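The chain contents come next:
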Amino acid sequence: MRIWTLVACGALLGPVGPAAAQVSVAGIRDLAFGPVIIGIPSTVAPSDAVRSGQYRFTAPAGSRVRIDFDLPSQLNGPASAKLPIKFGKTDAVIVGNAPGSVPTALDPNPKANLKFDMGTSTAANIFLGGTVTPAGNQAPGSYVATVVLTVTIQ
Amino acid sequence: MTRPLVALLLAVLPAPLLAQGVLVAPHAIIIDHRTRSGSLSLYNPGSEPSEVTLSTFYGYPVTDSAGDFELRTVDAPDSTAPSAAGWIEAFPKRMVLAPKERQTVRLLARPPANLADGEYWARVVVSAKGGTVPVSGLADSSGVSVGLSLEVRTVLPLQYRKGRVSTGVQLHEVAAAVEHDSLALRPHLTRVGNGAYLGTLRAVLRDSTGRTLASLSTPLAVYYEMSPRLTAPLPTAGLPPGVYQVQIEAAAEREDIAPELVLASPPARSTLVVRLP
């Protein structure tokens, strides 16, 4: 055990090899419905420049990546109140950063098997929208949840 | 739909990374049994602290019926699976990266004593989330305000090599077709040897005079077998009726991985004829 600890400490202090191609995934902007009207569905389109969620990922040009969303079906509010949320088949849009890249609509729902060929792009932006449906007797307050994006390198 | 999207993208593409996320390098980890360690470099490019967690699981890429890449995962791999997921540890496993902060994570292997020669695989998951859950908008006593925060995960391949490891790939049953404005290829690739095949697949479409009309190049990672669907754009004028030749080559080269980490193997080639009526 002591030897293993020493090895671990030594490794932690050692130099890092030269970085090869890198990947990054970042949430740039939260999906923000803002105030909604009780009893009336509220939709944010992925093309909404202010309220849509935005992710950005980078990967080596030419690589193929798989994209998986983990989406909530409801948001949590005050005193355990719930608010349903749905994501349509075109509620996500992806576009690479290469010149001439065309925005492509994606189905963010699970098992949609999303993939993206980087081509000459080295980064891509994903925009996410959705629809919440507050009930007529929806408890007032703030409702929150988390969307998880997983990017898998082949 | 297109105009708002273009406006949106023009507005946001130059934006720096503002929220939670992490940059990871390298994007493929290869560990040798002699050193039993590797490293990952993490960087938080954002303006908020990022809570980062590392974990591993066993999985490898395959293709689905449409030829799209997906990850086959096994929750509890048996003894015959070449899984390294159970004995790869990250140090540190959890951390909070301050804005613009870098952190080196060491990956240390503790393989079983009787580990046979060969290659063992795992997937490393780097999860990042912001330190706070934002609530968007203002809610007064009668209103409802809704916000969803974003978390991100990056899944990277890890290969652990012990002793003599060899690889190669065989090209079978290559299907080629012209679909609208693209050349679509569907090669069936089978790995040989005991290590995953990392390489590049290149294909060119030529006419009867030898003129190149379309080409593609894509990285390959064949762990067992796969049939990826690949496409290459055709000339905008289209293709006149005639006989064309498609040449395909899989070579053990990767632009994004250091050459010394790619297992050498002879190239695999195939040629087929495409007739357009």
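Given the structure is predicted, the values throughout are model-derived calculations rather than measurements.

Engineer: Please clarify how the nonpolar core should be interpreted in this entry.
Structural biologist: Generally speaking, soluble globular proteins have nonpolar side chains that are buried together. Grouped together as the largest cluster of nonpolar side chains are 100 residues, with contacts concentrated most on Tyr55 and Leu149 of chain A together with Ile29, Ala84, Trp121, Leu158 and Val222 of chain B. Here this core gets 9 residues from one element, more than from any other, and that element is strand E11 (residues 144-162) of chain B. If you count residues domain by domain, this core takes at least three from each of domain 1 (17-133 + 145-162) and domain 2 (167-276) of chain B. Look past the residues within four positions of Tyr55 of chain A in its chain and what remains in contact with it is Val25, Ala26, Gly27, Ile28, Ile126 and Leu149 of chain A together with Leu150 and Val152 of chain B.

Engineer: Any chance you could explain the domain arrangement of chain B here in plain terms?
Structural biologist: How large an interface is tends to be reported as the accessible area lost when its parts come together. Residue and element names in this part refer to chain B. If you check the domain split of chain B, you get domain 1 (17-133 + 145-162) and domain 2 (167-276). Domain 1 and domain 2 are separated by 29 Å when their C-alpha centres are compared. The partner domain 2 presents 12 residues to the 16 residues of domain 1 that form the contact. The set of elements that each furnish at least two residues to the side of domain 1 that touches domain 2 consists of strand E5 (59-63), strand E10 (118-130) and E11. Broken down by element, the side of domain 1 that touches domain 2 gets its largest block of residues, 4 residues, from E5. Classifying every residue of the side of domain 1 that touches domain 2 by side-chain character gives 9 nonpolar, 4 polar and 3 charged.

Engineer: I'm lost on the confidence of the model for chain A in this one. Help?
Structural biologist: Summing up the model confidence of chain A, the mean pLDDT is 83 and the portion of residues at 70 or higher is 84%. Low confidence marks residues 1-20 of chain A, where pLDDT is under 50. Its contacts with residues over four positions away, or in another chain, come to 19 contacts.

Engineer: In this structure, what is going on with unusual backbone geometry? I would like to understand it.
Structural biologist: Both trends apply: most residues other than glycine have a negative phi, and most peptide bonds are in trans. Residue and element names in this part refer to chain B. Of the consecutive residues Ala25 and Pro26, the connecting peptide bond is found in the cis state with omega at -5°. Mapping Pro26 onto the fold places it in the loop between strand E1 (21-25) and strand E2 (29-32). Residue Phe91 is joined to Pro92 through a cis peptide bond whose omega torsion reads -5°. In this structure, Arg36 is a non-glycine residue whose phi angle is positive, near 55°. Position of Arg36 among the secondary structure elements: in the loop between E2 and strand E3 (37-43). At Lys100, a position not held by glycine, the phi torsion is positive, near 70°. Relative to the helices and strands, Lys100 resides in the loop between strand E8 (94-97) and strand E9 (102-109).

Engineer: In this structure, what is going on with the sheet that holds strand E4 (residues 53-58) of chain A? I would like to understand it.
Structural biologist: Sheets are built from strands that pair by backbone hydrogen bonding, the pairs being arranged parallel or antiparallel. With antiparallel pairing, the 9 strands of this open sheet are ordered in space as E9(A)-E8(A)-E11(A)-E4(A)-E1(A)-E1(B)-E3(B)-E9(B)-E7(B). Looking at the sheet topology across the chains shown, the edges are occupied by strand E9 (104-106) of chain A together with strand E7 (88-91) of chain B. Geometrically, the sheet is characterised by an average inter-axis angle of 25° between neighbouring strands, direction not taken into account. Where strand E8 (residues 92-96) of chain A meets strand E11 (residues 123-128) of chain A, 5 bridges bridge the pair, whose relative direction is antiparallel.

Engineer: I'm lost on the environment of Val132 of chain A in this one. Help?
Structural biologist: Examined against the element boundaries, Val132 of chain A turns out to sit in strand E12 (residues 130-132). Separated by 12 residues in sequence, Val132 of chain A and Val144 of chain A place their C-alpha atoms 12 Å apart. Once residues within four sequence positions are removed from consideration, Val132 of chain A is found in contact with Phe33, Val36, Pro41, Ser42, Leu83, Pro84 and Ile85 of chain A together with Val146 of chain B.

Engineer: Where do I start with the confidence of the model for chain B in this structure?
Structural biologist: Low-confidence regions, as indicated by low pLDDT, have predicted coordinates that should not be scrutinised in detail. Residue and element names in this part refer to chain B. With 88% of its residues at a pLDDT of 70 or more, chain B shows a mean pLDDT of 87. For the stretch residues 1-18, pLDDT sits under 50, and the model shows 24 contacts to residues farther than four places along the chain or on other chains. This complex was scored by the predictor with a pTM of 0.83 and an ipTM of 0.79.

Engineer: Which parts of the structure should I look at to understand the pairing of strand E15 (residues 212-222) of chain B?
Structural biologist: Each regular strand carries side chains that alternate between the two faces of the sheet. Residues and elements named next belong to chain B. In this sheet, E15 lies alongside strand E14 (residues 197-206) in antiparallel orientation, the contact comprising 10 bridges. Paired with Tyr197 across the bridge in E15 is Val222. Hairpin connection from E14 to E15: 5 residues lie between these consecutive antiparallel strands, with Gly210 at a positive phi of about 90°.

Engineer: Explain the sheet that holds strand E19 (residues 268-276) of chain B to me, please; I cannot follow it from the model alone.
Structural biologist: Residues and elements named next belong to chain B. Taken in spatial order, the 4 strands line up as E15-E14-E18-E19 in an open sheet, and their pairing is antiparallel. Every interior strand has two partners, whereas the edge strands, E15 and E19, have only one. This sheet shows a mean twist of 15° between the axes of neighbouring strands, independent of strand direction. Of the strand pairs in this sheet, strand E18 (residues 242-251) and E19 are connected by 9 bridges, and their pairing is antiparallel. Bridge pairing in E19 places Val246 opposite Leu272.

Conventions used here
Residues numbered from 1 in each chain as written. Chains lettered and ligands numbered in written order. Predicted model: local features only at pLDDT ≥ 70, side-chain atom pairs only at ≥ 80, totals over all residues. Core = buried A, V, L, I, M, F, W, Y, C linked by C-beta atoms within 7 Å. Buried ≥ 20, exposed ≤ 12 C-beta atoms within 10 Å, placed from the backbone. Helix = DSSP H or I, 4+ residues; strand = E, 2+ residues; numbered from the N terminus. Domains from an automatic or database assignment. Contact = placed C-beta atoms within 7 Å. Nonpolar A, V, L, I, M, F, W, Y, C, P; charged D, E, K, R; others polar. pLDDT = per-residue confidence, 0-100. Pairing = 2+ DSSP bridges. Axes fitted to C-alpha atoms, helices over the stretch in contact; angles between N-to-C directions.

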